[in-house]
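Given next are the chains, with one letter for each unit.
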2 protein chains.
Amino acid sequence: MGTLTGPKQDRSRATRQRLLEAAIGCLGEYGWAGSTVSLVAERAGVSRGAAQHHFPTREDLFTAAVEYVAEERSAALRALVAAAPPVVGPARRHVVVGELVALYTGPLFRAALHLWVAASNDRTQLRARVTALEARVGRETHRMAVELLGADESVPGVRETVQGLLDMARGLGLATLLTDDSARRGRVVEEWVRILEGVLEGGRRGAMDS
Amino acid sequence: MGTLTGPKQDRSRATRQRLLEAAIGCLGEYGWAGSTVSLVAERAGVSRGAAQHHFPTREDLFTAAVEYVAEERSAALRALVAAAPPVVGPARRHVVVGELVALYTGPLFRAALHLWVAASNDRTQLRARVTALEARVGRETHRMAVELLGADESVPGVRETVQGLLDMARGLGLATLLTDDSARRGRVVEEWVRILEGVLEGGRRGAMDS
C-alpha cells in the first residue's frame, strides 16, 4: 500500500490512519469491552463499511492500531536520539532512558495495556495476536535500547541489565495509570540513570560472586 | 469483627473470606466487566443476599478483595523473610528481592491489574476507591522493602533506588501476563540483585555528578 501513490491511495491511507488513531483513543477511554468497530468508525468520521474494508475483524483493527502507534513511537524515538548528544556517555544515556520511559507512560501504553489485559482473559484469536505482537514490539524495543545506550551485550549481565531497565519503564507506566506520577518518576529515572551508567561504564562493580 | 469469637462469628468470617477469594478468582478469570456480585457469590457457594450483607456494593466487594489479598501477601512476605538468613547482606537481599518480585507476578497482581485498568476508565466511585487503596498498599510495600533490604533512606538516592526496584517488579508482573516469563525474569532478578547490592553496600559508585 505504501508504494502506490496518487490521490486515491492517499485518501485510503489517510482513512486507515484516522481509524488506527481513533482505535487507540477508544481503547484508552472505554477499554476493550467498550471499544467496538462502530464506535471507532464514528470517532474517525468514517462509515462502518469503509472501516470493515480496511479491517475485517475487531481484532485486526485493534492489534493493527497498537502496532501502528508502536512503530510511530519507534521512529520518533530514533529521530529524537539522533538529535541527542552523539557521544555515548551520560548525557546521551540520560536522554535515551528518559525517552524509553516515555514509551511506557503515554497514550500508547495505556491503549496497549487495555489490549493486554483483555487478551489475558481471552482464549481465542485476540490472545494469540496480542502475544505475537508483544513479542515483536518487545524484541524491537530491546534491540533499540541496546544500540542507543551503547550497551555491550557480550559482557555478562549487560543484556539482563537492559531488560530490567525496560521492565522498570513498564512498571513506571503502570504507576501512572491512576494518578500523575511524573514527579516521583523523574526522581526514580534520575537515580537509575546514575546506576545504569555505573554498570555500563564501570563493569560489574557490584557483583558479589564473580 | 476480628475481635469477636464464637461459632457465629467464625461462620461469618469464613463466608467473608470465601467471598473475597472468589472475587479475586473472578477478576483474574473474567476481568472487571465479567465479574458480577452474583457470579462471585455462586463461586463462593454463598447466597446473593448473604454476599450483599457483607458487601453492599460491587465496588465494596472487589476493593476489599484486593486489600485482603494484599494483606495476606504482606503477612506471608514478613514470615518468609523472618525465616531467611538474618544478617542483612547478599543472601538475605536475594530472598527479599525474589519475594518482592513474586508479589507482582501472582494471582493478586493479576486481579489488581484488572481492577486498576477498570478504574482508570471509571469516573465514579471505583476510581477513587482503587486510587486510595493503591496509595496505601504502595506505601506499605515500600516501607517493608526498605526495612527488609536494610536500606538506609537517609543516604541520597536510596529511596529512589528502592522505588525503582519496585517499579521493575511491577513491570516484570506485566511481562508475565500473556506468557510464562519466569526463566527470563529469574535472570533479570539475579542481575539486579547484584546491582542493588553494589548500590546499597557500596554507596553511589556509579554517580557521575556528585
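Since this is a predicted model, take the numbers as computed values, not measurements.

What counts, and at which threshold
- Residues numbered from 1 in each chain as written.
- Chains lettered and ligands numbered in written order.
- Predicted model: local features only at pLDDT ≥ 70, side-chain atom pairs only at ≥ 80, totals over all residues.
- Heavy atoms only, no water.
- Contact = heavy atoms within 4.5 Å.
- Buried area = accessible area lost by both parts, 1.4 Å probe.
- Salt bridge = Lys/Arg side-chain N within 4 Å of Asp/Glu carboxyl O.
- Least-squares fit on C-alpha atoms with pLDDT ≥ 70 in both.
- UniProt positions renumbered as here; feature names shortened; annotations may be inferred.
- Helix = DSSP H or I, 4+ residues; strand = E, 2+ residues; numbered from the N terminus.
- Expected span 1.5 Å × (residues − 1).
- Bend = angle between axes of the 7 residues up to and from the residue.
- Buried < 20%, exposed > 50% of the residue type's maximum accessible area, 1.4 Å probe, protein only.
- 1 Å grid on protein atoms, 1.4 Å probe; cavity = no way out; pocket = protein on both sides within 12 Å on 5 of 7 lines; lining within 4 Å.
- Points joined across faces, edges and corners; volume = space filled by probe spheres on them.
- Nonpolar A, V, L, I, M, F, W, Y, C, P; charged D, E, K, R; others polar.

Student: Honestly, the interface of chain B and chain A in this entry has me stumped. Any pointers?
Tutor: Where interface size is given, it is often the accessible area lost as the parts come together that is meant. Facing 54 residues of chain B, the contacting portion of chain A comprises 53 residues. For the pairing of chain B and chain A, the buried interface totals around 4,300 Å² over both sides, and the portion due to carbon and sulfur atoms is 62%. When residues of chain B are sorted by the area they lose upon contact with chain A, Leu-178, Trp-192 and Arg-194 of chain B head the list and together hold 16% of the total. Linking chain B with chain A are four salt bridges, by the criterion used here.

Student: What's the story with the relation of the copies chain B and chain A in this structure? I'm lost.
Tutor: Note: a rotation about an axis with an accompanying shift along it relates these two copies of the chain. In the superposition of chain B on chain A (RMSD 0.0 Å, axial shift 0.0 Å), the rotation amounts to 180°. On the angle and the small slide along the axis, the relation comes out as a two-fold axis. The overlap is high: 98% of the interface residues of chain B also sit at the interface in chain A, so the same surface is used on both sides.

Student: Would you mind showing me how to read the UniProt feature "DNA-binding region" (unreviewed entry) in chain A here?
Tutor: Taking the numbering used here, the UniProt-annotated feature "DNA-binding region" (unreviewed entry) corresponds to residues 36–55 of chain A. For residues 36–55 of chain A, the end-to-end C-alpha separation is 12 Å, with 75% helix and 0% strand making up the annotated structure.

Student: Explanation requested: helix 1 (residues 7–34) of chain B in the structure shown.
Tutor: Each full turn of the α-helix corresponds to 3.6 residues, which orients residues three or four apart in the same direction. Residues and elements named next belong to chain B. Relative to the 40 Å expected for 28 residues at 1.5 Å per residue, helix 1 spans just 34 Å between its end C-alpha atoms, considerably shorter than the ideal helical length. The sharpest bend along helix 1 comes to roughly 85°, located at Gly-28. Those residues of helix 1 that sit buried are Thr-15, Leu-19, Leu-20, Ala-22, Ala-23, Ile-24, Cys-26, Leu-27, Gly-28, Gly-31 and Trp-32. Considering only its buried residues, helix 1 is in contact with helix 2 (37–44), helix 3 (48–54), helix 4 (58–82), helix 6 (107–120) and helix 7 (125–149).

Student: I would appreciate a short explanation of the layout of surface pockets in the present structure.
Tutor: One simple way to see leftover space: roll a probe sized like a water molecule over the atoms. In this structure, the largest pocket encloses a volume near 960 Å³. Considering the residues around the largest pocket, the lining is formed by 38 residues, among which Glu-134, Ala-135, Val-137, Gly-138 and Arg-139 of chain A are closest to the centre. Contributing elements (two or more residues each) for the lining of the largest pocket: helix 4 (58–82), helix 6 (107–120), helix 7 (125–149) and helix 8 (158–175) of chain A together with helix 8 (158–175) of chain B. When its residues are assigned to classes, the lining of the largest pocket shows 17 nonpolar, seven polar and 14 charged. Of the voids in this model, the second largest pocket is the one considered here, and its volume is about 510 Å³.

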